[in-house]
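Spelled out from the first residue to the last, the chains are:
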Amino acid sequence: MERKTQKVKSLQKQKRKFRKELLFLLPSVIGVIIFYFIPFCDVLLRSFRPEFGSGFAGFDNYKTVLENKAFKIAVENTLKFVVIYIPILLIFSLFLAVLLDYLKEKQKIYKKIFLLPMAIPVASLVLIWKVFFGEFGLVNRILSCFHVTGPDYFHTSSAFLVLGITYLWRNFGYDMLLWKTGIDAIDADLYEAAALDGAGFLKRFWYITLPQLKEMGFVIIVISVINSFKVFREAYLIGGDYPNQSIYMLQHLFNNWFVQLELGKLTAAAIILACVVIFFVACIEKILTPKEG
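Residues numbered from 1 in each chain as written. Predicted model: local features only at pLDDT ≥ 70, side-chain atom pairs only at ≥ 80, totals over all residues. Heavy atoms only, no water.

## A short note on the overall build of the protein
Thought 1: Scanning the protein from terminus to terminus reveals 13 helices and zero strands.
Thought 2: Walking the protein from its N terminus toward its C terminus, one meets helices and strands in the order α-α-α-α-α-α-α-α-α-α-α-α-α.
Thought 3: In terms of C-alpha radius of gyration, the protein reaches 25 Å, well past the compact-globule figure of 19 Å for 293 residues.
Thought 4: On the principal axes, the C-alpha backbone points of the protein span a range of 90 × 65 × 30 Å.
Thought 5: Across the 293 residues that make up the protein, the buried fraction comes to 35%.
Thought 6: Here the contacts in the protein between residues at least 6 apart in sequence split such that 69% fall between residues at least 24 apart.
Thought 7: Surface accessibility of the protein: about 19500 Å² in total, with carbon and sulfur atoms responsible for 68%.
Thought 8: Counting 33 positive and 23 negative side-chain charges, the protein places the averaged centre of each group 8 Å from the other. (Helix = DSSP H or I, 4+ residues; strand = E, 2+ residues; numbered from the N terminus. Rg over C-alpha atoms; globule rule 2.2 N^0.38 Å. Buried < 20%, exposed > 50% of the residue type's maximum accessible area, 1.4 Å probe, protein only. Contact = heavy atoms within 4.5 Å. Areas by Shrake-Rupley, 256 points an atom, 1.4 Å probe, with all protein chains shown as cover. Lys, Arg positive; Asp, Glu negative; His and termini not counted. Charge placed at Lys NZ, Arg CZ, Asp CG, Glu CD.)

Set out below in structure tokens:
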């Protein structure tokens, strides 16, 4: 009887604890429902409605979006940006994190230096880039000293390179910090045991560091892809609503459709993008997350 009474009391305590925890979570859950779930459902419904009036348009909006020339250009540019600059960012930031791990005494100083670009406002950053890469900027002035005429970096295909450099410069410090956090969580005994067995730096990095960083790598890849969609701010300040075709991203297209109140196409494209991102994240998680058992 006493054991049963103790079990009942412990269950009651767990229930009370769960209710208290649920009470603390309730504001966040309500916020997610109001500001994320309900708007997403509204977007999903609007994607099946005609541009004007009411009724059910079926998949007409999706068909219009997929056949739209501007959408194809924006998808191509966005995909090219992700494929080229995400791997560069991941490899470079990981290299810096490993390098920083060996600088025991000056880690704090270098961390502050690497994170400094994130503290600079986007508008100020674009002005700095215009000083360097403008038609009459510093780079072209240096080239003119050697009788070389430099291009207009912001209004030619070179704008894609400038935008990529901007993205890398702003995000490598943050990704480096995440990699460094993952490296610090690796048990030092593993490295010591490998060193005693005669494993060099490269072998320790390949067989210990990289496998242990898989879960952190998943987080960093997802964050980096999300941040790559935020380059719209820089691209917009560089080229406006209709920049050079090389940096005409999906965000430009969405912004222009929103201004023109083409909500049918906008919502359909948003749902397509959401499905692609979810599928991409699921694939990355399956590849990098270790299986239990």
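## Comments concerning helix H8 (residues 188-196)
Thought 1: Where H8 begins, the side chain of aspartate 187 points an oxygen toward the backbone nitrogen of aspartate 189, at a separation of 3.1 Å.
Thought 2: Of the residues one or two after H8, glycine 198 is the one with positive phi, at around 95°. (Polar contact = N/O pair within 3.5 Å; in protein donor to acceptor, adjacent residues only side chain to side chain.)

## Observations concerning the packing of helix H4 (residues 107-119) against helix H7 (residues 159-184)
Between two packed helices, both the angle of their axes relative to each other and the distance between the axes serve to describe the pair.
Thought 1: Packing of H4 against H7 leaves a shortest axis separation of 6 Å and a crossing angle of 140°. Classified by the angle between their axes, H4 and H7 sit oblique to one another. With respect to the hand of their crossing, H4 and H7 are arranged in left-handed fashion. The segment H4 lies against H7, with Gln107, Lys111, Phe114, Leu115, Pro117 and Met118 engaging Trp169, Arg170, Phe172, Gly173, Tyr174, Met176, Leu177 and Lys180. (Axes fitted to C-alpha atoms, helices over the stretch in contact; angles between N-to-C directions. Parallel < 35°, antiparallel > 145°, perpendicular 65-115°, else oblique. Left-handed = near helix turned anticlockwise from the far one by under 90°.)

## Things to note about the pattern of salt bridges
Thought 1: With the rule as written, the count across this model stands at four salt bridges.
Thought 2: Across the pair arginine 46 and aspartate 42 runs a salt bridge, and its minimum N-O distance is 2.9 Å. Taken as a pair, arginine 46 and aspartate 42 lie in helix H1 (residues 2-46) at a separation of four residues, close to a single helical turn.
Thought 3: What makes aspartate 42 partly exposed here is its relative accessible area of 33%.
Thought 4: One network of salt bridges, in which partners are shared, links Asp101, Lys180 and Asp184. (Salt bridge = Lys/Arg side-chain N within 4 Å of Asp/Glu carboxyl O.)

## A look at the packing of aromatic side chains
Thought 1: Overall, the coordinates contain 13 aromatic pairs when judged by the stated rule.
Thought 2: Where phenylalanine 59 meets tyrosine 62, the ring centres are 5.9 Å apart and the plane angle is 55°; that geometry is what we call tilted.
Thought 3: Exposure remark for phenylalanine 59: the relative accessible area of 59% places this residue in the exposed category.
Thought 4: Given a relative accessible area of 11%, tyrosine 62 falls into the buried group.
Thought 5: With centroids separated by 6.4 Å and ring planes inclined at 20°, the aromatic side chains of phenylalanine 201 and phenylalanine 205 adopt a geometry described as stacked. Placement of the pair is phenylalanine 201 and phenylalanine 205 together in helix H9 (residues 201-212), with a separation of four residues, close to one helical turn. (Phe/Tyr/Trp six-rings, centres within 6.5 Å; stacked < 30°, edge-to-face > 60°.)

## With respect to the packing of helix H2 (residues 60-67) against helix H3 (residues 69-102)
Thought 1: Interaxial distance between H2 and H3 falls to 5 Å at its minimum, and their mutual angle equals 65°. One way to sum up the angle between H2 and H3 is to call them roughly perpendicular. From H2, Val65, Leu66 and Glu67 reach across to H3, where they touch Lys69, Phe71 and Lys72.
Thought 2: Of the residues belonging to the contact of H2 with H3, the class tally is three nonpolar, no polar and three charged. (Nonpolar A, V, L, I, M, F, W, Y, C, P; charged D, E, K, R; others polar.)

## Some remarks on unusual backbone geometry
Thought 1: Of note, histidine 147 is a non-glycine position whose phi angle comes to about 60°, a positive value.
Thought 2: Within the element layout of this structure, histidine 147 appears in the loop between helix H6 (138-145) and H7.

## Notes on the nonpolar core
Thought 1: Counting residues in each nonpolar core, the largest one holds 48 residues, and the members touching the most others are Phe81, Leu163, Tyr167 and Trp179.
Thought 2: When contributions to this core are tallied by element, the ones reaching two or more residues are H3, helix H5 (122-133), H7, H9, helix H10 (214-228), helix H11 (232-239) and helix H13 (263-288).
Thought 3: Residues in contact with leucine 163, not counting those within four places in the same chain, are Phe81, Val231, Glu234, Ala235, Ile238, Ile247 and Met249.
Thought 4: Of all hydrophobic cores here, the second largest spans 15 residues; its members include Tyr62, Ile73, Tyr248 and Ile271. (Core = buried A, V, L, I, M, F, W, Y, C linked by side-chain atoms within 4.5 Å.)

## As for H5
Thought 1: With 12 residues, H5 extends 16 Å from end C-alpha to end C-alpha; this agrees with the ideal 16 Å at 1.5 Å per step.
Thought 2: Listing the buried residues of H5 in full gives Val122, Leu125, Val126, Trp129 and Phe133. Taken end-on, H5 shows its buried residues confined to a sector of 100°, consistent with a single buried face. For H5, the exposed residues set more than 90 degrees away from the buried face come down to Leu127 and Val131.
Thought 3: Contacts made by the buried residues of H5 are with H6, H7 and H11. (Expected span 1.5 Å × (residues − 1). Arc of directions from axis to C-beta.)

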